[in-house]
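Remarks on the overall topology
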Amino acid sequence: MVGTRTVRRRQEPGNAADVVLGIESTAHTFGIAIIKGHDVIANITDSFTTESGGMIPAKVAQHHGDVYPSILARALEMAKEKAGIGIDDIRLIAYSEAPGIGHTLRIGAAVAKSLALRLRVPLVGVNHCIAHLEITRLVTRASDPVLLYCSGANTQVIAYDEGKYRIFGETLDTGVGNFLDTLARDMGLGFPGGPKIERLALNASADGRTPILISIPYSVKGMDVAFAGLQTNMLHKLKSGEFSKEDLAFSAQETVFAMLVETAERAMAHVGKEELVLGGGVGCNKRLQEMCRIMCEERGARFYCPENQYLVDNAAMIAWTGKLMFERGGVRTAVEDAAIKPYERTDDVNVTWR
Ligand code: ATP
Ligand code: FE2
């Protein structure tokens, strides 16, 4: 823990930040990670969950405020145990400043600012969506991939082009994870709903049963996707009692994942990139991974998927991206200017580190 003793060391001049502490708090997950060089030493998270119903921003923020001291303590303990790293070895604090829920972003920013002041080290604010892409480049062999980023609030197809991570396609309304979470909630299941829908979809073909692919709207508009109409349609079908939950879950997955894979493929063809990576919690879904893999095989491209701890919201990606921004991009965030940017878009950020 930070403790009360006087901090001995200051950040050396220059751009090197060997040990970085990252903080993630854009939505339902609070996380702290410590990285050294290219190695993730500790990556601790605690996510807000419910048995039934969705998430209320103030309650999630309270969760983050409650758990952060123990998360910090666990990350520091692990760093000490695994690499002999102590709190005074930390050379940079990186935090997720955007985009996300204002209530929860504020908790992470406050923790980051107080740690930067206490340790007298620089601070860097990181865009969470970009961090999903950068951590995937670190932990897979992908060098210049198209990212299919599928989380609760976000659904975007992103790739690097001329100084920015550009959005080539995105949802016109809600994120695919929110769509799955709402469907699960309508079925009386808790949050997060994505894994519950995945399980139901698998059960649709359990015991040799053949799942029924129910016709639901397929909503791709140019490079973009939309889920709101689909959501209403599924609710009507659920209420009608005509279909089993298993078949509805199976059909929802087959339809929305096909929409996502189609836009990702179109973006790959458009920008001429031959690598696809997945990011975001929905990327944990095995059927989505399989569909991406098949699409890439068919077009002679490569598909990379990081392990789940780097797909879901995590602080390692914030620490790593902060390190890149600081060391290679010359980015610094003065404590007095450290803000939260709930609505910042991926392509608002100048990528100075590539
Ligand atoms: P962001 O702030 O980037 O929008 P987030 O808060 O939504 O992220 P993530 O951990 O990236 O957090 O994603 C959470 C989403 O992933 C939830 O909607 C959850 O239901 C979904 N999810 C998790 N596991 C699975 C799975 N196996 N299949 C489908 N969806 C999943
Ligand atoms: Fe995320």
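Presented here is an overview of the structure given in this document. (Residues numbered from 1 in each chain as written. Chains lettered and ligands numbered in written order. Predicted model: local features only at pLDDT ≥ 70, side-chain atom pairs only at ≥ 80, totals over all residues. Heavy atoms only, no water.)

It is worth spelling out the pattern of salt bridges at this point. Considering all chains together, one arrives at 15 salt bridges under this definition. Measuring nitrogen to oxygen at the nearest pair gives 2.7 Å for the salt bridge that ties arginine 209 to aspartate 247. Linking arginine 209 in the loop between helix H5 (194–203) and strand S9 (220–221) with aspartate 247 in helix H7 (residues 245–271), this pair joins segments that are 38 residues apart in sequence. Using a relative accessible area of 35% as the deciding quantity, one classes arginine 209 as partly exposed. Two residues, glutamate 327 and lysine 323, come together in a salt bridge whose shortest N-O distance is 3.1 Å. Here glutamate 327 pairs with lysine 323, and both are found in helix H10 (residues 316–327), just 4 residues apart, close to one helical turn. The class of lysine 323 is buried, set by a relative accessible area of 6%. (Salt bridge = Lys/Arg side-chain N within 4 Å of Asp/Glu carboxyl O. Helix = DSSP H or I, 4+ residues; strand = E, 2+ residues; numbered from the N terminus. Buried < 20%, exposed > 50% of the residue type's maximum accessible area, 1.4 Å probe, protein only.)

This next bit is on the sheet that holds strand S12 (residues 302–304). Spatially, the 5 strands line up as an open sheet ordered S8-S7-S6-S11-S12, and their pairing is mixed. At either end of the open sheet lies a strand with only one pairing partner, and these are strand S8 (164–170) and S12. Averaged over all neighbouring strand pairs, the angle between strand axes comes to 25°, with direction disregarded. Across the sheet, helix H3 (residues 128–139) is in contact with strand S6 (146–150), strand S7 (155–161), S8 and strand S11 (275–279); its angle to S6 comes to roughly 125°. (Pairing = 2+ DSSP bridges. Axes fitted to C-alpha atoms, helices over the stretch in contact; angles between N-to-C directions. Contact = heavy atoms within 4.5 Å.)

Attention now moves to the nonpolar core. Core analysis: the biggest nonpolar cluster contains 47 residues, and Leu148, Phe227, Leu260, Leu276 and Leu288 have the highest contact counts within it. Listed by contribution, the elements that provide at least two residues to this core are S6, S7, helix H4 (176–186), H5, helix H6 (228–240), H7, S11 and helix H8 (286–298). What phenylalanine 227 contacts, discounting residues up to four positions off in sequence, is Thr155, Thr171, Asp173, Thr174, Gly175, Val176, Phe179, Val256, Met259 and Leu260. Ile35, Ala94, Ile130 and Tyr149 belong to the second largest nonpolar core, which has 34 residues in total. (Core = buried A, V, L, I, M, F, W, Y, C linked by side-chain atoms within 4.5 Å.)

Moving on to the sheet that holds strand S1 (residues 19–24). With mixed pairing, 5 strands are arranged side by side in an open sheet as S3-S2-S1-S4-S5. Because the sheet does not close on itself, it has two edges, and the strands there are strand S3 (39–47) and strand S5 (123–127). Each strand axis lies, on average, 20° off the axis of its neighbour in the sheet, ignoring direction. Against the sheet, helix H2 (residues 102–119) engages S1, strand S2 (29–36), strand S4 (92–98) and S5, with an angle of about 160° to S4.

Fair warning: the whole summary comes from geometry, so function is off the table for now.
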